[in-house]
Amino acid sequence: MSKTAYVRTKPHLNIGTMGHVDHGKTTLTAAITKVLAERGADSGTRYVSFDRIDRAPEEAARGITINLAHVEYETDTRHYAHVDMPGHADYVKNMVTGAAQLDGAILVVSALDGVMPQTAEHVLLARQVGVDHIVVALNKADAVEDGEDALLADLVELEVRDLLTAHGYGGDAVPVVRVSGLRALEGDPRWTASVEALLDAVDTYVPMPERYLDAPFLLSVENVLTITGRGTVVTGAVERGTVRVGDRVEVLGAGVETVVTGVETFGKPMEEAQAGDNVALLLRGVARDTVRRGHVVAAPGSVVPGRRFTARVYVLSAREGGRSTPVTTGYRPQFYIRTADVVGDVDLGEVAVARPGDTVTMTVELGRDVPLESGLGFAVREGGRTVAAGTVTAVA
Ligand SMILES: Nc1nc2c(ncn2[C@@H]2O[C@H](COP(=O)(O)OP(=O)(O)OP(=O)(O)O)[C@@H](O)[C@H]2O)c(=O)[nH]1
Ligand SMILES: [Mg+2]
């Protein structure tokens, strides 16, 4: 195996495209890699075609690589891992946990169609899972160039800014860049320039987040793969700390302690992975079926799993896609905590009832132990939709 090692020359950020089905997320993702790759051999970016992104197979042709919906690219100042999120409603579940790792997001809105249900749902979810910065790609701008159509794009822009403001993103300040992923992919210079402008907006508007490098290592497992002849691999974003080959780790959920025998990012071996990196870890002697999405790999003894906690929770209103009826003690929804998805019993104490639109304190008893800590955010879902979002205030 002669793989080139990953060399950390630029700060690394995690980003993604989100937005309504068919608004052009995958096309734009491909266009971004194409525009950057065409800057030259030392651009640090390889073009990833639409088919390569959209196929999202489980094939492990790239070795112990990460989730194939991820692509990587480099601008002049940064290295990005980019996840292209499908717009279809069924995939929102993936987004709930996937988006938790994002430092920023590109909200793709078709200038032809405007704000649609999943546009709004994704903005709401992004807010809930702690994505603090959004840049808007007003896509398909090539299709709304003249006359009344141009007015339409202006209206859509206003509509998106309002939506963002309504969710606390300060819509007036958010960069809204008119792009055409499709025409940029075709190499039309006017539209490749639009993609460059979008990337400039991302580079400048999404700040470098604080990384907790000194904390004990923690990674919440997004995916588990087997590499024939090598063993079990877990993938995910390093939440805090650092990890190297030879480090001892504990897999919480699986109840095993083991040694990391490989660390890679995008198929490239790494000397050391650190908070914020999207990585694949090869774990010694761990059977494939003992580890699952939602388990946590951490420095031994650094986290204590629990199942009882108190939280401040906002119950979404029906207008935000939430429930139309109140939540009461005894309610038993799914809790999405990091990459885990666990059932939990809600106890509202003396308040007893929480109406859509209310913010309440609740005690939750989960169906199984997960690593918990104050300040941890989570989403509450029921029947395939998000009904509440909260933050852990105390662990019992
Ligand atoms: N005119 C025009 N069409 C576009 C543009 N970008 C994408 N499209 C078309 O819109 C359709 C959807 O594009 P995708 O990139 O698959 O959209 P998506 O948002 O990834 O869709 P899902 O993953 O299914 O949610 C395709 O037919 C594209 O060719 C654009 O900039 N201009
Ligand atoms: Mg797509």
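Residues numbered from 1 in each chain as written. Chains lettered and ligands numbered in written order. Predicted model: local features only at pLDDT ≥ 70, side-chain atom pairs only at ≥ 80, totals over all residues. Heavy atoms only, no water.

**Quick notes on the domain arrangement of the protein**
Thinking step 1. Each assigned domain of the protein is listed with its residue range as follows: domain 1 (12-205), domain 2 (218-298) and domain 3 (305-395).
Thinking step 2. Distance from the C-alpha centre of domain 2 to the C-alpha centre of domain 3: 29 Å.
Thinking step 3. For the pairing of domain 2 and domain 3, the buried interface totals around 740 Å² over both sides, and the portion due to carbon and sulfur atoms is 52%.
Thinking step 4. Applying the counting criterion to the domain 2 and domain 3 interface returns two salt bridges.
Thinking step 5. For Arg338, the salt bridge goes to Glu239, with nearest N and O atoms at 2.7 Å.
Thinking step 6. Where domain 2 meets domain 3, there are five residue pairs in polar contact (both at pLDDT 80 or more). (Domains from an automatic or database assignment. Buried area = accessible area lost by both parts, 1.4 Å probe. Salt bridge = Lys/Arg side-chain N within 4 Å of Asp/Glu carboxyl O. Polar contact = N/O pair within 3.5 Å; in protein donor to acceptor, adjacent residues only side chain to side chain.)

**Examining the pairing of strand 15 (residues 278-283)**
Thinking step 1. With six of six residues buried, strand 15 is to be regarded as a mostly interior element.
Thinking step 2. Here strand 15 shows a buried face lined by Asn278, Ala280 and Leu282 and a second buried face lined by Val279, Leu281 and Leu283.
Thinking step 3. In the sheet, strand 9 (residues 231-240) pairs with strand 15 via six bridges, with the strands oriented antiparallel. From the neighbouring strand, Gly236 faces strand 15, where its bridge partner is Val279.
Thinking step 4. The pairing of strand 12 (residues 256-265) with strand 15 spans four bridges and is classified as antiparallel. Within the sheet, the bridge partner assigned to Val260 lies in strand 15 and is Leu283. (Buried < 20%, exposed > 50% of the residue type's maximum accessible area, 1.4 Å probe, protein only. Helix = DSSP H or I, 4+ residues; strand = E, 2+ residues; numbered from the N terminus. Pairing = 2+ DSSP bridges.)

**Notes on the UniProt feature "binding site: Mg(2+)" (unreviewed entry) in the protein**
Thinking step 1. The UniProt entry lists Thr26 under the feature "binding site: Mg(2+)" (unreviewed entry), expressed in the numbering used here.
Thinking step 2. Exposure remark for Thr26: the relative accessible area of 12% places this residue in the buried category.
Thinking step 3. Setting aside anything within four residues of it in sequence, one finds Thr26 in contact with Phe50, Ile53, Asp54 and Asp84. (UniProt positions renumbered as here; feature names shortened; annotations may be inferred. Contact = heavy atoms within 4.5 Å.)

**A word on the sheet that holds strand 2 (residues 70-74)**
Sheets are built from strands that pair by backbone hydrogen bonding, the pairs being arranged parallel or antiparallel.
Thinking step 1. The strand order 2-3-1-4-5-6 describes an open sheet built from six strands, whose pairing is mixed. Edge positions in the sheet fall to strand 2 and strand 6 (176-178), since each of these pairs with one other strand and no more. Ignoring strand direction, the axes of neighbouring strands in this sheet form an average angle of 25°.
Thinking step 2. Along the sheet, helix 7 (residues 189-205) makes contact with strand 1 (12-18), strand 2, strand 3 (79-84), strand 4 (104-110), strand 5 (134-139) and strand 6, crossing strand 5 at roughly 170°. (Axes fitted to C-alpha atoms, helices over the stretch in contact; angles between N-to-C directions.)

**Quick word on the sheet that holds strand 19 (residues 334-337)**
Thinking step 1. The strand order around the closed barrel formed by six strands is 17-22-20-19-23-24, and the pairing between neighbours is antiparallel. In this sheet, neighbouring strand axes are inclined to one another by 45° on average, regardless of whether the strands run parallel or antiparallel.
Thinking step 2. Taken together, the four bridges between strand 20 (residues 340-347) and strand 22 (residues 359-371) define a ladder with antiparallel strand orientation. Residue pairing in the sheet places Val346 in a bridge with Val364 of strand 22.

**Overview of helix 7**
Thinking step 1. With 17 residues, helix 7 should cover 24 Å at 1.5 Å per step; its first-to-last C-alpha distance of 24 Å lies within 8% of that length.
Thinking step 2. For helix 7, the set of buried residues is Trp191, Thr192, Ser194, Val195, Leu198, Leu199, Ala201, Val202 and Asp203.
Thinking step 3. You can read the cap of helix 7 off the contacts: a side-chain oxygen lies 3.0 Å from the backbone nitrogen of Arg190, and it is on Asp188. (Expected span 1.5 Å × (residues − 1).)

**What to know about the environment of Glu222**
Thinking step 1. Inspection of the secondary structure puts Glu222 in the loop between strand 7 (218-220) and strand 8 (223-227).
Thinking step 2. With relative accessibility at 9%, the residue Glu222 sits in the buried group.

**Quick word on the site of ligand 1**
Thinking step 1. If you check the shell around ligand 1, you find 17 residues, and the closest are Gly24, Lys25, Thr26, Thr27 and Asp142.
Thinking step 2. Side-chain polar atom of Thr26 to an oxygen atom of ligand 1: 2.8 Å apart, as the coordinates give it.
Thinking step 3. Within the side chain of Asp142, one N or O atom sits 2.7 Å away from a nitrogen atom of ligand 1.
Thinking step 4. The protein chains hide 76% of the 650 Å² of surface that ligand 1 would expose on its own.
Thinking step 5. Going through the elements one at a time, helix 1 (25-37) and helix 6 (181-185) are the ones with two or more residues in the shell around ligand 1.
Thinking step 6. When residues in the shell around ligand 1 are grouped by element, the largest group, three residues, is from helix 1.
Thinking step 7. When the residues that make up the shell around ligand 1 are grouped by side-chain class, the tally is four nonpolar, nine polar and four charged. (Near = heavy atom within 4 Å. Areas by Shrake-Rupley, 256 points an atom, 1.4 Å probe, with all protein chains shown as cover. Nonpolar A, V, L, I, M, F, W, Y, C, P; charged D, E, K, R; others polar.)

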